[in-house]
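Per-entry structural report
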Amino acid sequence: MSAAATSELLVACLCARWCQLCNSYRATFEAAAARHPGHRFVYVDIEDEADLMHAIDVDNFPTLLVAQGERLQFLGVITPQPDTLERLLRAAEDRNLPPAAHALDEAELGELLLGLRQLA
């Protein structure tokens, strides 16, 4: 994996089309993507991508997934403010986040990250 690929963050917003909070948060997410062109952002409707998302439970919105290379840095719900997302991105860029808690095995995580990168 190249140096650029290992420093690039994958930032996925896991939402649902029917969720009004998600719909209003999408502009915030897309604005962050425009401010961080060196990272890969993808907005995912978890119901449209149910086959890809089957390994994780998304109970609240907006849920963000942040990965760097094959390392999952964050998986959880965030408050839908731009400053919250920016702080999370800075911490991920600085590799200053505790390991993300998840129940995915290595193969499931790899499949999920590959699928999300293909959507981006």
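Details of the structure are given in the entry above.
Because the structure is predicted, anything quoted here is derived from the model rather than measured.

About the thresholds
Residues numbered from 1 in each chain as written. Predicted model: local features only at pLDDT ≥ 70, side-chain atom pairs only at ≥ 80, totals over all residues. Heavy atoms only, no water. Helix = DSSP H or I, 4+ residues; strand = E, 2+ residues; numbered from the N terminus. Contact = heavy atoms within 4.5 Å. Axes fitted to C-alpha atoms, helices over the stretch in contact; angles between N-to-C directions. Parallel < 35°, antiparallel > 145°, perpendicular 65-115°, else oblique. Left-handed = near helix turned anticlockwise from the far one by under 90°.

**Some points on the environment of Leu116**
- Of note, Leu116 is situated in helix α5 (residues 106–119).
- Separated by 51 residues in the primary sequence, Leu116 and Leu65 have C-alpha atoms spaced 9.9 Å apart.
- Residue contacts for Leu116: discarding those within four places in its chain leaves Leu10, Ala12, Val42, Val44, Leu52, Met53 and Leu65.

**Thoughts on the packing of helix α2 (residues 20–35) against helix α4 (residues 82–93)**
- Look at α2 against α4: their axes get within 10 Å of each other, and the N-to-C directions meet at 40°. Judged by the inter-axis angle, α2 sits oblique to α4. For the pair α2 and α4, the sense of crossing is right-handed. Mapping the contact onto sequence places Tyr25, Thr28, Phe29, Ala32 and Arg35 in α2 and Pro82, Leu85, Glu86 and Leu89 in α4.

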